[in-house]
Amino acid sequence: MSAPELIRIVSRDSPMALAQVERVRAELAALYPDTATEVVPVRTTGDKWMGDLSKVEGKGAFTKEVDAALLAGKADLAVHCVKDIPADRPLPAGTTFAAFLERDDIRDALVHPEGLTLDELPDGTRIGTSSVRRVAQLAASHPHLTCVPFRGNANRRLAKLADGEADALLLAVAGLHRIGRPDVISEVLPPETICPPIGAGVLALQCREYDTNTIDMVSALNHPGTYREITAERMFLHVLQGHCNSPIAGYAKSQRNGDLSLRACVFTPDGKTVLNAHEWAGPLDPATLGTSVAVALLRQGARELIDTIAH
């Protein structure tokens, strides 16, 4: 393998996305000190549009322009948050995942200016979030709280909170660490309280499938345990055919001994119906585990629940 002299990395242009690229650049530099990296930032539809994501092709709104730059040869490597990559359709033809970086924290955080915890929030507290997953779970566990639509990158949401557009926020712990703002966290919520999105806390590295030089280099960054978890989670989401308006949550956990489990939930948007499944892989491979958990939820009525939600 002849290492390329330069790897061009395409990413969304938000502060968090660019911080994620810096992590990738640092890991590549440690392995390949003679290879330079260059950032190719793009503004995506999802970053420009502040309305309902389902009106601009859902999660694909955060990946389409990045994929286009990769396929057009303007970049050699794309960095994505796995949670933003649609699983109800295949990756764009001609591209492949080369690596999944070691997983960061999967949990959500409550951000409250006075440091209150979720259970301490008074009736009518306005929680800023546009995540159907968070809205449904809060409706189920804390129905006295009110969710108000909140879009924009994490910095923008924190600014809106400071302006009084909401009383508190729910944001990803990993994201707050990536932008250097863990100081704003009032409470870290366990997955039993707010179950995370599929792919939480994981960065995916995507290449053109025939660019074997770049794939061979980048694959050295792959974390085997994370790869197994994401394989199970994305197969689960693929079988369910969930879309961006589907309140679906779940996470796989890889144990030190190699055992893998997957816990997942499907909700109605009002939180009044919650379907749960939790299985261990045993001898199953990760994709089979993902399929098995999806089938368990389909048996409970997940298909009808997902199909009744407009998207």
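Scroll up for the structure.
A brief structural summary. (Residues numbered from 1 in each chain as written. Predicted model: local features only at pLDDT ≥ 70, side-chain atom pairs only at ≥ 80, totals over all residues. Heavy atoms only, no water.)

What follows deals with the overall build of the chain. Counting secondary structure elements, the chain contains 10 helices and 13 strands. Compactness check: the chain gives a C-alpha radius of gyration of 19 Å against a globular reference of 19 Å for 311 residues, within 12% of the reference. Seen along its three principal axes, the alpha-carbon backbone of the chain occupies a region of about 60 × 50 × 40 Å. Counting the 311 residues in the chain, one finds 51% classified as buried. Across the chain, the fraction of contacts at a sequence separation of at least 24, relative to all contacts at a separation of at least 6, is 69%. In the structure as shown, the chain presents an accessible area of about 13500 Å², 52% of it carried by carbon and sulfur atoms. (Helix = DSSP H or I, 4+ residues; strand = E, 2+ residues; numbered from the N terminus. Rg over C-alpha atoms; globule rule 2.2 N^0.38 Å. Buried < 20%, exposed > 50% of the residue type's maximum accessible area, 1.4 Å probe, protein only. Contact = heavy atoms within 4.5 Å. Areas by Shrake-Rupley, 256 points an atom, 1.4 Å probe, with all protein chains shown as cover.)

The next point concerns the packing of aromatic side chains. Per the counting criterion, the structure on display carries 2 aromatic pairs. Plain terms: the ring middles of Phe 97 and Phe 100 are 5.0 Å apart, the flat faces sit at 50° to each other, and that makes the pair tilted. The class of Phe 100 is buried, set by a relative accessible area of 4%. Each ring, one from Phe 100 and one from Tyr 227, has its centre 5.9 Å from the other, and the planes form 45°; the classification is tilted. Of this pair, Phe 100 sits in strand β4 (residues 95-100) while Tyr 227 sits in helix α8 (residues 224-240); the two residues are 127 residues apart in sequence, bridging distant segments of the chain. Residue Tyr 227 is classed as partly exposed on the basis of its relative accessible area of 43%. One aromatic cluster in this structure is built from Phe 97, Phe 100 and Tyr 227. The cationic tip of Lys 160 hangs over the ring face of Phe 150; the distance from NZ or CZ to the ring centre is 5.1 Å. (Phe/Tyr/Trp six-rings, centres within 6.5 Å; stacked < 30°, edge-to-face > 60°. Lys NZ or Arg CZ within 6 Å of the ring centre and 35° of its normal.)

With antiparallel pairing, 3 strands are arranged side by side in an open sheet as β11-β12-β13. Every other strand in the sheet has two partners, leaving β11 (248-254) and β13 (274-280) as the edge strands with one partner each. Here the strands of the sheet are splayed against their neighbours by 10° on average, with no regard to which way each runs. Of the pairings in the sheet, the one linking strand β12 (residues 260-267) to β13 comprises 7 bridges and is antiparallel in character. Note that in β13 the partner of Phe 267 across the bridge is Val 274. (Pairing = 2+ DSSP bridges. Axes fitted to C-alpha atoms, helices over the stretch in contact; angles between N-to-C directions.)

With that out of the way, let us pick up the side chain of Arg 133. Summarising the element assignment, Arg 133 is placed in helix α4 (residues 132-141). Looking at Arg 133, the relative accessible area reads 7%, which means it is buried. In this structure Arg 133 touches Asp 108, Ile 194, Cys 195, Pro 196, Pro 197, Pro 247, Ile 248 and Ala 249, once residues within four positions along its chain are discounted.

Once that is clear, we can look at the pattern of salt bridges. Counted according to the given criterion, the structure contains 17 salt bridges. Across the pair Arg 133 and Asp 108 runs a salt bridge, and its minimum N-O distance is 3.1 Å. Of the two residues, Arg 133 sits in helix α4 while Asp 108 sits in strand β5 (residues 108-111), which places them 25 residues apart along the sequence. Across the pair, Asp 108 and Arg 133 agree in class, each one buried. When salt bridges that share partners are traced, they join Arg 8, Asp 76, Arg 208 and Asp 211 into one network. (Salt bridge = Lys/Arg side-chain N within 4 Å of Asp/Glu carboxyl O.)

Before going further, it helps to examine the environment of Ala 281. As for its position among the elements, Ala 281 is in the loop between β13 and α9 (286-299). Linking Ala 281 and Thr 308, residues 27 residues apart in sequence, is a C-alpha distance of 31 Å. Sequence-distant contacts of Ala 281, defined by excluding residues within four places in its chain, comprise Leu 260 and Leu 289.

On to the sheet that holds β5, then. On the basis of which strands lie adjacent, the open sheet formed by 5 strands has the order β7-β6-β8-β5-β9 and mixed pairing. Taken across any chain shown, the strands that pair with only one partner, and hence form the sheet edges, are β7 (146-148) and β9 (187-189). Across this sheet, the average inter-strand angle for adjacent strands is 30°, counted without regard to direction. Contacts from α4 reach β5, β6 (126-128), β7 and β8 (168-172) within the one sheet, and its direction differs from that of β8 by about 125°. Each of β5 and β8 touches helix α5 (residues 154-162); the most contacted strand, β8, lies at about 170° to it.

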